[in-house]
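The primary structure of each chain is shown beneath.
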Amino acid sequence: MKKYLAITIMLFFIMSIFGQVNSFKDIPTEILDNLDKTGVDKSALLNSYESAYFNVIFKDSKKDFDFTGKKVGFIASAYGNTKNKEDYFKKEKSQYKKYKRTNLNYTPIVTTLYIFDETQKEESGGYDAAILYCRNLKLHTLQPEANVIKALKGDKKNK
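If you walk across this open sheet you meet the 4 strands as β2-β1-β4-β3, and the pairing is mixed. Of all the strands in the sheet, just β2 (81-83) and β3 (110-115) have a single pairing partner and so form its edges. Taken pair by pair, the neighbouring strands of this sheet meet at an average axis angle of 30°, ignoring direction. Here β3 pairs with strand β4 (residues 129-134) via 6 bridges, running antiparallel. From the neighbouring strand, I115 faces β4, where its bridge partner is A129. Relative to the sheet, helix α4 (residues 85-102) contacts β1 (72-76), β2, β3 and β4, its axis offset from that of β4 by approximately 40°.

Quick look at the structure:
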């Protein structure tokens, strides 16, 4: 019995850590209808459609942070491979197409949001936040913010 309780608590903990929407069903239609307008360039600055998407995806974990006009870094997997929003949204759109085609429970990519304070923003090269993502929950591990900042600071292509 203790084993099942521990597993249940761990699952709730994991869900709250990631703090993201867990199903495309939970994303408003008007945002999903504009998914084709996301990830259209490699700029770290988010456009209005990307900002709206992330404001919904991270509604439970972003507190009072608003993605509008923010510079966001993207890191693929727990290995610190810096990417860009074009790569992120390509994967996200693929997941959404599978969901629409099959009506199975394909979900948004597993992500962790890091919101930076002013010092971290400066150390990272001007990023307001970072999104660590991967497709496989087993590979997804939380990274200390220092590692995330270091990965972004060393990334010259997203500036």
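The discussion continues.
Burial analysis of β4 places 6 of its 6 residues in the buried class, which makes it a mostly covered element. On β4, burial covers both faces: A129, I131 and Y133 on one face and A130, L132 and C134 on the other are all buried. Pairing between β1 and β4: 5 bridges, direction parallel. Looking at β4, one finds that F74 is bridged to I131.

The phi dihedral of K63 is positive, around 55°, even though this residue is not glycine. Of note, K63 is situated in the loop between α3 (48-57) and β1.

A few words on a negative patch on the surface. Among the surface-exposed residues, D117, E118, E122, E123 and E145 lie close enough to one another that they form a single negatively charged patch. Tallying contributions element by element places helix α5 (residues 118-124) first for the negative patch, with 3 residues. Structurally, D117 can be placed in the loop between β3 and α5.

To continue, consider the confidence of the model for the protein chain. One rule of thumb: low pLDDT means the predicted coordinates there are not for detailed reading. In the predicted model, the protein chain carries a mean pLDDT of 79, and 75% of its residues have values of at least 70. α3 holds the highest mean pLDDT among the elements of the protein chain, 96, whereas helix α1 (residues 2-18) holds the lowest, 39. Every residue in residues 2-18 scores below 50 in pLDDT, and together they form 11 contacts with partners more than four places removed in sequence or on other chains.

Attention now goes to the nonpolar core. Note that soluble globular proteins tend to have their nonpolar side chains buried in a common cluster. Core analysis: the biggest nonpolar cluster contains 26 residues, and I27, Y53, F54, F67, F74, Y88 and I131 have the highest contact counts within it. Counting residues per element, the ones that place at least two in this core are α2 (29-32), α3, β1, α4 and β4. The residues touching I27, leaving out its near neighbours within four places in the chain, are V21, L32, Y53, V56, I57 and P108. Core analysis: the next-biggest nonpolar cluster, separate from the first, contains 11 residues, Y114, F116, V148 and I149 among them.

Where a strand is regular, its side chains alternate between the two sheet faces. Counting buried positions along β1 gives 5 out of 5 residues, so the element sits mostly inside the fold. Covered by surrounding structure in β1 are V72, F74 and A76 together with G73 and I75, the residues of both alternating faces. Across 3 bridges, the pairing between β1 and β2 is antiparallel. The residue of β2 that forms the bridge with F74 is K83.

Reading guide: rules and limits
Residues numbered from 1 in each chain as written. Predicted model: local features only at pLDDT ≥ 70, side-chain atom pairs only at ≥ 80, totals over all residues. Heavy atoms only, no water. Pairing = 2+ DSSP bridges. Helix = DSSP H or I, 4+ residues; strand = E, 2+ residues; numbered from the N terminus. Axes fitted to C-alpha atoms, helices over the stretch in contact; angles between N-to-C directions. Contact = heavy atoms within 4.5 Å. Buried < 20%, exposed > 50% of the residue type's maximum accessible area, 1.4 Å probe, protein only. Patch = residues over 30% accessible without salt bridge, like charges linked within 9 Å, V, L, I, M, F, W, Y side chains within 5 Å. Areas by Shrake-Rupley, 256 points an atom, 1.4 Å probe, with all protein chains shown as cover. Salt bridge = Lys/Arg side-chain N within 4 Å of Asp/Glu carboxyl O. Lys, Arg positive; Asp, Glu negative; His and termini not counted. Charge placed at Lys NZ, Arg CZ, Asp CG, Glu CD. pLDDT = per-residue confidence, 0-100. Core = buried A, V, L, I, M, F, W, Y, C linked by side-chain atoms within 4.5 Å.

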